[in-house]
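Descriptive structure summary
So you can see what is in the structure, the chains are spelled out below.
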Amino acid sequence: MRPAQLAMAYQACEVADLAAAMVDLDDPVDAAAQAARVLAAAQQLVAAAGRLGSNDVPADPLQRFAYEHPEEATEDIADWSRRRAAPTHHPSCPPRRI
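Small disclaimer: the values here were computed from a predicted structure and weren't measured. Counting restarts for each chain: residues are numbered from 1 in the order of the written sequence. Reporting of local features is limited, given that this is a predicted model, to residues whose pLDDT is at least 70; pairs of side-chain atoms are given and counted only at 80 or more, and all residues count toward the totals for whole chains, interfaces and linings. Values reported for side chains reflect all heavy atoms of the structure, with hydrogen atoms and water molecules removed beforehand.

**Section: the environment of L6**
Relative to the helices and strands, L6 resides in helix α1 (residues 3–20). When a residue's accessible area, from a 1.4 Å probe over protein chains only, is under 20% of the maximum for its type it is buried; when over 50% it is exposed; and in between it is partly exposed. Overall, L6 belongs to the buried group, its relative accessible area being 3%. Between the alpha carbons of L6 and A48 there is a distance of 9.4 Å; along the sequence they are 42 residues apart. In this structure, L6 is in contact with M1, A66, P70, A73, T74 and I77, ignoring residues within four places of it in sequence. Elements are defined by DSSP. Helices are runs of H or I of four residues or more, strands are runs of E of two residues or more, and each kind is numbered from the N terminus. Two residues qualify as a contact provided that any one of their heavy atoms is within 4.5 Å of a heavy atom in the partner residue.

**What to know about the confidence of the model for the protein**
Confidence scores per residue from the predictor, reported as pLDDT, run from 0 to 100. Confidence in the prediction for the protein averages 89 pLDDT; 87% of positions are at 70 or higher. Within the model, the stretch residues 89–98 combines pLDDT values under 50 with six contacts to residues more than four positions away or in other chains.

**What to know about the packing of α1 against helix α3 (residues 61–68)**
Note on geometry: axes are lines fitted to C-alpha atoms, helical ones only across the stretch in contact, with angles between N-to-C directions running from 0 to 180 degrees. Contact pair α1 / α3: the axes reach a minimum separation of 8 Å and the direction vectors enclose 140°. Considering the angle they form, α1 stands oblique to α3. Between α1 and α3 lies a crossing of right-handed hand. Here P3, A4, L6, A7, Y10, Q11 and E14 of α1 lie close against α3, whose contacting residues are L62, Q63, F65, A66 and Y67. In terms of residue class, the contact of α1 with α3 is made up of nine nonpolar, two polar and one charged. Here the word oblique covers every angle except those under 35 degrees (roughly parallel), over 145 (roughly antiparallel) and from 65 to 115 (roughly perpendicular). We call a crossing left-handed when the near helix sits turned anticlockwise from the far one by less than a right angle, and right-handed when that turn is clockwise. As a working rule, the residues Ala, Val, Leu, Ile, Met, Phe, Trp, Tyr, Cys and Pro are called nonpolar, Asp, Glu, Lys and Arg charged, and the rest polar, with Gly in that last group.

**Section: the pattern of salt bridges**
By definition here, a salt bridge exists when the distance from a side-chain nitrogen of Lys or Arg to a carboxyl oxygen of Asp or Glu is within 4 Å. Summed over the entire model, instances satisfying the criterion amount to three salt bridges. Note that D17 is salt-bridged to R84, the shortest N-O span being 2.5 Å. Placement of D17 in helix α1 and of R84 in helix α4 (residues 70–85) is noted, with a sequence separation of 67 residues between them.

**Re α3**
Here α3 has its buried residues at Q63, A66 and Y67. An end-on view of α3 places all buried positions within 100° of arc, on one side of the element. Polar contacts, as counted here, are pairs of nitrogen or oxygen atoms within 3.5 Å of one another; within protein the pair requires one atom able to donate a hydrogen and one able to accept it, and residues that are adjacent in sequence qualify only if both atoms are side-chain atoms. Here α3 starts with a cap whose side-chain oxygen sits 3.2 Å from the backbone nitrogen of L62, and that cap is D60. As used here, the arc is the angular range of directions from the helix axis to the C-beta atoms.

**Overview of the packing of aromatic side chains**
Note on ring pairs: Phe, Tyr and Trp rings are taken, using the six-membered ring of Trp, and paired if centres are within 6.5 Å. Classes follow the plane angle, with under 30 degrees stacked, over 60 edge-to-face and the rest tilted. Within this structure, the stated rule accounts for one aromatic pair. For the pair Y10 and F65, a centre-to-centre distance of 5.7 Å together with 25° between the ring planes defines the contact as stacked. Pair noted here: Y10 is in helix α1 and F65 is in helix α3, with a separation of 55 residues, a long-range link. Under the relative-accessibility criterion, Y10 is labelled buried at 12%. Exposure remark for F65: the relative accessible area of 23% places this residue in the partly exposed category.

Take a look at the structure:
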């Protein structure tokens, strides 16, 4: 995987984790603050996607880690994917029907 792809995947994991944390929030102030963190991470994801066709190294520390330590970032992403491979039912969320 190219560094830009790795950084994008790494950032996508961050967006997903931040968004998932919103499930348990019921305080409007906490929810707004968490939503702002999700939005900021999503904006970094868009920036990472924009770098797919370039050799620019990101300024964002999370994505730069993926460039500087690709083996460790790859392992982190694989671990993240394994943890989410077997979804668990959250009591406050009904199961999705497709």
